[in-house]
Amino acid sequence: MVMLILWGHALAALGFGALALAWARRAAAVGLPSRMLVAALAVTALWALAVAGIGEADLVTRVVQSLRNLTWLAAMLVLVRRTGAGAAAVYALYAATATVSALAIGCALLETLPFAATTLATLADLRLIARMLAAVGGLILVHQLAFVGRERERGRIVLIAAAIATIWGLDLLVAAADWGWGASPAVVVVRGVALTAATVFLAVPLQADRRGLSLSHDVAMRLFVATAIAAYVGATLLATQVAGRYAGDAARVAQTAIVLGATTALMTLLSTPWLRAWTKVKVAKHFFDHRYDYRAEWQRFTATLGSPGEGADPLDRRIVRAMAELTGSPAGLLLIPAGMALEAGAAWHWPEHPPEAAAGDTALFAYLSATGRIVALDQVRRGDAPEGEGAAVPAWMCTQDEAWALVPLLHGTSLIGAILLARPAVDRALDWEDLDLLRVAGRQAASYLAEDRAHAALADAARFDEFNRRFAFILHDIKNMVSGLSLVARNAERHADNPAFRADMVETLKDSAARMNALLARLSQHHRSLPEPLQPVDVAMLAARLAGARRAQHAIEVAGQGTALAQPGRLEQLLGHLLQNAVEASPADAPIAIAITTEGARVEIDVVDQGCGMSAAFIRDQLFRAFASSKPDGFGLGAYEARELATAMGGTLTVTSREGAGTRFRVTLPAATALEAAA
């Protein structure tokens, strides 16, 4: 115990000494009186050093302790006079507390004289009574000090008051222990540790500049809990000391029972949601002008809304949770629009709601859309609600006692939904702070919800657009086949007696039937096309097959050789588009040429016609745009899809044309190596 007392009070002396030096340099900079505050810190450091070095019972320690009380009273009086908040009764209490502290010094000095034992015992009792009275008076004055000062200095003064209250609270604890059963080393040990912790209260104001210090709700809550736990532990130690003195042979058993019971009770209290909520409400009510720490609440609110990812709740559930956590509500229910009504949607910890909640309510939707009011359901139950509100709220909502408030989610002038909040653990009525915070948070949540719905609508539109795009390509292929068959039918009127033409016509019909079957497969919901791998393709053979299939439509000449690294199906589709465009653009007696050349690592495929040609402006602005066509019945997709197919295979598609002189489309693809071609 001796070493613990020494180390605890030595650290406290070091902390208060460092604070005295720091406040001597910075107190003027933060706008508070410095001289008496520095003196009080210095005397407190000397007293803690005396306790550590020469002991609690030494005359010097007792005298310095009373001097410490007097200097703190003087520092507090300077603060009170500076703020102009003092009254006659307050000054009288300062004088009485100072007199009692001086009386403690007199008693300590008289105890050194050679009086009788009974006289010395009486003086010791008077000294302890004087110490307790001084501590009680100091605590009353500290409570008054905590509520004075200008707004920008209020946070600093509260922290200083908390430090002084810790010092005098510990004095009262030690004096009461000495009065009850004599010197208690355990209580002195606790005081040393608590004094060291109290230096934090005085260090924080030094970190702020002239703009002022604002103690956050979270810090105040933690300090309050830490102080309460320290007091709880101190009371437990006192109880064990009392048991050790008066329980006799059962002292050890009683002390064990006290420690176990106190520890169990403390853990139970700390894990109780109601107690946490009650403590938060009381701290906000008695330490701050406003219930909410708006900066911290808004940061938590936006963090909850904007935390998607794997395993995270959906946005609508996160919105309900964020709104509920603002007011400490344990649950929430999102009501979403269904036509011109509101029906139950996502829930966060909400119990099973009645079927009526899913049926929708048009009156509530109309009321919230028109007024945008936050509905306090307790007012509706009492009949104190504004006119029209009681009739708009559905019966199932009023019959659920846990339903506390209904917050509309307005985006602009549109009602995106509403959130039904459960009653907080500490029941209270909605006030202006709740209404203001929920109104702003509701609009923010509505913007998130509206954006999410807009994204969903865009995704649906994109899926429909993709479907329409694919269907447009299929229609383009059907149009090409119809055009080819129509051309074959027209040529059949002139060449039906030619056996070669009939053979070509049969091949054309077979090719068209195969392409139609392929289109039907693409339209089938069970069709899942697999991407073709890049492989060597004999371009001349493929071109000859395509030319043969279209011989009944138009004369096509193939020249050259080359093996390209491509996807056979895509290359066939690409050349089919170019040939179809060439057939439609060429006169009947002007053959189409397919020229294949190999230039190093590239294979070039030219599709040349002698048709009407195209202008440079059309090629630049229209040719490769989807749905842009110069033909009355064209879809404008042939050249667009041909370039997309060439790009997908690692190639390019270029065009050279002149009006009245024809067009050359050039497809450039990677050439297959000799080993790939041989394989």
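Not measured: the values here are computed from a predicted model.

Parameters at a glance
- Residues numbered from 1 in each chain as written.
- Predicted model: local features only at pLDDT ≥ 70, side-chain atom pairs only at ≥ 80, totals over all residues.
- Heavy atoms only, no water.
- Buried < 20%, exposed > 50% of the residue type's maximum accessible area, 1.4 Å probe, protein only.
- Helix = DSSP H or I, 4+ residues; strand = E, 2+ residues; numbered from the N terminus.
- Patch = residues over 30% accessible without salt bridge, like charges linked within 9 Å, V, L, I, M, F, W, Y side chains within 5 Å.
- Areas by Shrake-Rupley, 256 points an atom, 1.4 Å probe, with all protein chains shown as cover.
- Salt bridge = Lys/Arg side-chain N within 4 Å of Asp/Glu carboxyl O.
- Pairing = 2+ DSSP bridges.
- Contact = heavy atoms within 4.5 Å.
- Axes fitted to C-alpha atoms, helices over the stretch in contact; angles between N-to-C directions.
- Phe/Tyr/Trp six-rings, centres within 6.5 Å; stacked < 30°, edge-to-face > 60°.
- Lys NZ or Arg CZ within 6 Å of the ring centre and 35° of its normal.
- pLDDT = per-residue confidence, 0-100.

J.: Explain helix α22 (residues 638-648) to me, please; I cannot follow it from the model alone.
T.: Helical geometry: 3.6 residues make up each α-helical turn, so side chains three or four residues apart lie on a common side. Among the residues making up α22, those that are buried are Gly638, Ala639, Tyr640, Glu641, Ala642, Leu645 and Ala646. Taken from the residues just after α22, glycine 650 is the one with a positive phi, measuring 80°.

J.: Help me understand a nonpolar patch on the surface in this model?
T.: A cluster of nonpolar side chains, contributed by Met3, Leu6, Trp7, Leu11 and Leu14, occupies part of the molecular surface with about 540 Å² of accessible area. Residue tryptophan 7 is classed as exposed on the basis of its relative accessible area of 52%.

J.: Just checking my understanding: could you explain the sheet that holds strand β5 (residues 414-422) for this structure?
T.: The pairing of strands in a sheet comes from backbone hydrogen bonds and takes either a parallel or an antiparallel form. One open sheet holds the five strands; their spatial order is β2-β1-β5-β4-β3, and the pairing between them is antiparallel. For this open sheet the edge positions go to β2 (341-348) and β3 (375-376), each flanked by a neighbour on one side alone. With four bridges connecting them, strand β1 (residues 332-338) and β5 associate as antiparallel partners. Its bridge partner lying in β5, leucine 334 is registered against isoleucine 419. Strand contacts of helix α12 (residues 315-327): β1, β2, β4 (403-411) and β5, with the helix running at about 80° to β2, the strand carrying the most contacts.

J.: So what exactly am I meant to see when it comes to the packing of aromatic side chains here?
T.: Geometrically, a pair of aromatic rings is defined through the distance of the ring centres and the angle of the planes. Following the criterion strictly, the structure yields zero aromatic pairs and no others. Above the face of the tryptophan 47 ring, arginine 68 is positioned so that its terminal group lies 4.5 Å from the ring centre.

J.: Looking at this structure, I do not really get the confidence of the model for the protein. What am I missing?
T.: In regions of low pLDDT, the predicted coordinates are not meant to be interpreted in detail. Here the protein shows a mean pLDDT of 79. Residues at 70 or above account for 77%. Within the protein, the lowest mean pLDDT, 58, falls on helix α10 (residues 273-287), and the highest, 94, falls on strand β10 (residues 602-609). For the stretch residues 208-213, pLDDT sits under 50, and the model shows 18 contacts to residues farther than four places along the chain or on other chains.

J.: Teacher, can you tell me more about the pattern of salt bridges here?
T.: Close approach of charged atoms allows side chains with opposite charge to pair. Tallying each qualifying case throughout the model produces 15 salt bridges. Taking the shortest distance from any N to any O, the salt bridge between arginine 68 and aspartate 171 comes out at 2.0 Å. Of this pair, arginine 68 sits in helix α3 (residues 59-83) while aspartate 171 sits in helix α6 (residues 154-181), and the two are 103 residues apart along the sequence. Accessibility assignment for this pair places arginine 68 and aspartate 171 in one class, buried. A salt bridge links arginine 321 to glutamate 325, with the nearest nitrogen and oxygen atoms 3.1 Å apart. Placement of the pair is arginine 321 and glutamate 325 together in helix α12, with a separation of four residues, close to one helical turn. The class of arginine 321 is partly exposed, set by a relative accessible area of 33%. Three or more residues joined by partner-sharing salt bridges are found here, namely Glu604, Asp606, Arg664 and Arg666.

J.: How do you make sense of the sheet that holds strand β9 (residues 592-599) when you look at a structure like this?
T.: With respect to topology, five strands assemble into an open sheet ordered β7-β9-β10-β12-β11, the strand pairing being mixed. Both outer strands of the open sheet, β7 (556-560) and β11 (652-658), are each paired with one neighbouring strand and no more. Going from strand to strand, the sheet's axes swing by 15° on average, the running direction of each strand aside. Pairing analysis gives seven bridges linking β9 to β10, with the strands arranged antiparallel. The residue bridging alanine 593 from the neighbouring strand is valine 608, located in β10.

J.: Just checking my understanding: could you explain the environment of proline 670 for this structure?
T.: By the element assignment, proline 670 lies in strand β12 (residues 662-670). Spatially, the C-alpha atom of proline 670 lies 6.8 Å from that of glycine 651, the residues being 19 residues apart in sequence. Excluding its chain neighbours within four sequence positions, the residues that come into contact with proline 670 are Ala564, Leu565, Ala601, Arg602, Met649 and Gly650.

J.: What is the right way to read the side chain of glutamate 604 from this model?
T.: With respect to the element layout, glutamate 604 can be found in strand β10. Exposure remark for glutamate 604: the relative accessible area of 17% places this residue in the buried category. Among all residues touching glutamate 604, those that are not within four sequence positions of it are Ala595, Ile596, Thr597, Glu599, Arg666, Val667 and Thr668.

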